[in-house]
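# Fold and contact review
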Amino acid sequence: MRLIAAHGAPVFVIGTPLSHTLSPLIHNVAFETAALPHRYFALQVQPDELSRFVDIIRQLDSPGANLTLPHKEKICSIISDRDPEVEQLGAANTIYNHAGKLRLANTDIYGFSRLLEPWLHKVRDSGVLVLGAGGAARACLVALQQLNCQQIFLWNRTPEKALKLAKELGGSSLQTLGDSALQSGQFAAAVVVNATSVGLQEPEPEIFPQKLIQPGMVGIDLIYNRSTKFLQNFQQCGAENSDGLAMLVYQAARSWQLWTGQKPPIKAMFKAINDRVKES
Ligand code: ATR
């Protein structure tokens with residue numbers, strides 16, 4: 001059996017639920033801008049359908065796919081070829097075709113590093129505080145270690161998870177922070193990254209005390225398309241701040257490059273996203 005796609009093989013993002021994904025918009029604009037025949041679709045795939053999905057993209061000769069919850073870890077037991085970042089994170093967000101074989105990549109580390117670009121000097125010289133110890137926090141921490149950040153502080157609501165993550169990642173620059181040390185500002189960090197999901201909660205709990213924010217600091221919330229209380233607090237204190245939209249675009253651009261072998265049309269990708277955000 002061999003499926004033949006009429007206008008270039010499709011590329012998918014798979015997950016469940018998938019209702020609000022912006023990935024089709026970013027990737028379809030990129031394919032159109034580069035005059036490539038592929039189209040990108042969001043497809044709900046249940047965990048027990050994952051192997052079948054992999055067979056289907058092989059049959060379609062698809063350039064690959066993106067993976068989101070709950071498939072990012074399980075895919076590692078199905079496709080054994082993988083980039084080093086997948087080993088570091090224990091999770092993949094991209095399947096691509098590497099010399100005729102399907103291979104896994106994780107482009108979140110790249111995406112986060114690019115988001116940090118405007119503040120690289122602060123990241124390297126003044127320390128970074130990461131809030132959270134889930135998959136998103138892990139990608140941030142690996143990126144910060146790769147950027148040779150001298151001092152990384154890690155806080156999590158459940159301290160055991162922060163300790164476990166710090167132990168797994170190792171490195172002398174990474175240290176965990178308890179509740180009282182966080183609340184009383186016993187850390188030296190000019191950049192604070194919120195890698196928790198609190199910004200999606202109503203009401204949003206204040207996990208980083210506003211009294212600790214100084215005008216020279218930078219607040220980054222990985223959640224995008226939402227003015228979280230965390231970001232509003234930085235704005236109110238005259239401090240720079242950013243949501244996670246740039247990370248979304250850069251991680252997408254990296255996946256796109258792996259699929260096509262071409263330089264991604266990054267300006268068009270950002271424009272599409274910014275136009276959509278303005279509309280909403
Ligand atoms: P992801 O893979 O996107 O990082 P996750 O693994 O579910 O998602 O992690 C969510 C993070 O948000 C965790 O660090 C979680 O803290 P716990 O480890 O204590 O659960 C954090 N989080 C969620 N709700 C929170 C809240 N109300 N206050 C503080 N941290 C919260």
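Residues numbered from 1 in each chain as written. Predicted model: local features only at pLDDT ≥ 70, side-chain atom pairs only at ≥ 80, totals over all residues. Heavy atoms only, no water.

The next thing to look at is the pairing of strand β6 (residues 128-131). Sheet faces and side chains relate simply in a regular strand, where the side chains alternate between the two faces. Going residue by residue along β6, you find V128 and V130 tucked away on one face and L129 and L131 tucked away on the opposite face as well. Between the parallel pair β6 and strand β7 (residues 152-155), the chain is carried across by helix α6 (residues 135-146), and the sense of this crossover is right-handed. Across four bridges, the pairing between β6 and strand β9 (residues 191-194) is parallel. For L131, the partnering residue across the bridge sits in β9 and is N194. (Buried < 20%, exposed > 50% of the residue type's maximum accessible area, 1.4 Å probe, protein only. Helix = DSSP H or I, 4+ residues; strand = E, 2+ residues; numbered from the N terminus. Right-handed = clockwise from strand over helix to strand, strands pointing away. Pairing = 2+ DSSP bridges.)

On to the nonpolar core, then. Ranked by internal contacts, the top residues of the largest apolar core, which has 35 residues, are F112, V130 and L144. Those elements giving two or more residues to this core turn out to be α4 (108-115), β6, α6, β7, α7 (159-169), β9, β10 (218-221) and α10 (245-260). It is α6 that provides the largest number of residues to this core, a total of seven residues. When neighbours within four sequence positions are excluded, F112 is seen to be in contact with C140, A143, L144, V193, L222 and M247. Judged by nonpolar contacts, the second largest core, of 23 residues, contains I26, L36, Y40 and L248. (Core = buried A, V, L, I, M, F, W, Y, C linked by side-chain atoms within 4.5 Å. Contact = heavy atoms within 4.5 Å.)

Here the focus is the pattern of salt bridges. Pairing is possible between side chains that carry opposite charge, provided their charged atoms lie close to one another. Counted by the stated rule, this structure contains twelve salt bridges. A salt bridge links E206 to K229; its shortest N-O distance comes to 3.7 Å. One end of the pair, E206, is in the loop between β9 and β10; the other, K229, is in helix α9 (residues 229-236), and 23 residues separate them in sequence. Close ionic contact of D275 with K271 constitutes a salt bridge, the shortest N to O distance being 2.7 Å. Taken together, the residues span about one helical turn, with D275 and K271 both in helix α11 (residues 266-279) at a distance of four residues. Among the charged side chains, a network of salt bridges with common partners joins R138, K164 and E168. (Salt bridge = Lys/Arg side-chain N within 4 Å of Asp/Glu carboxyl O.)

On to the environment of Q262. One can find Q262 in the loop between α10 and α11. Relative accessible area serves as the criterion here: at 33%, Q262 is assigned to the partly exposed category. When sequence neighbours within four positions are dropped, the list of residues in contact with Q262 reads A34, L36, W256 and Q257.

This brings us to the environment of A35. Counting through the fold element by element, A35 comes out in the loop between α1 (23-33) and β2 (40-44). Judged by relative accessible area, which is 66%, A35 ranks as exposed. On a C-alpha basis, the gap between A35 and G238 in space is 43 Å, while along the polypeptide they are 203 residues apart.

Before going further, it helps to examine the site of the ligand. Inspection of the region around the ligand gives 15 residues, with N156, R157, T158, K161 and Q201 positioned closest. Coverage of the ligand by the protein chains reaches 71% of its 650 Å² of free accessible surface. Considering only residue class, the shell around the ligand consists of five nonpolar, eight polar and two charged. (Near = heavy atom within 4 Å. Areas by Shrake-Rupley, 256 points an atom, 1.4 Å probe, with all protein chains shown as cover. Nonpolar A, V, L, I, M, F, W, Y, C, P; charged D, E, K, R; others polar.)

Here we take up helix α2 (residues 50-60). Within α2, the full set of buried residues consists of L50, F53, V54, I57 and L60. For α2, the angular spread of buried residues about the axis comes to 130 degrees, placing them on one side. Where α2 is buried, its residues contact β1 (11-15), β2, β3 (64-67), β4 (94-98) and β5 (101-105). Positive phi appears at D61, one or two residues downstream of α2, with a value of about 55 degrees. (Arc of directions from axis to C-beta.)

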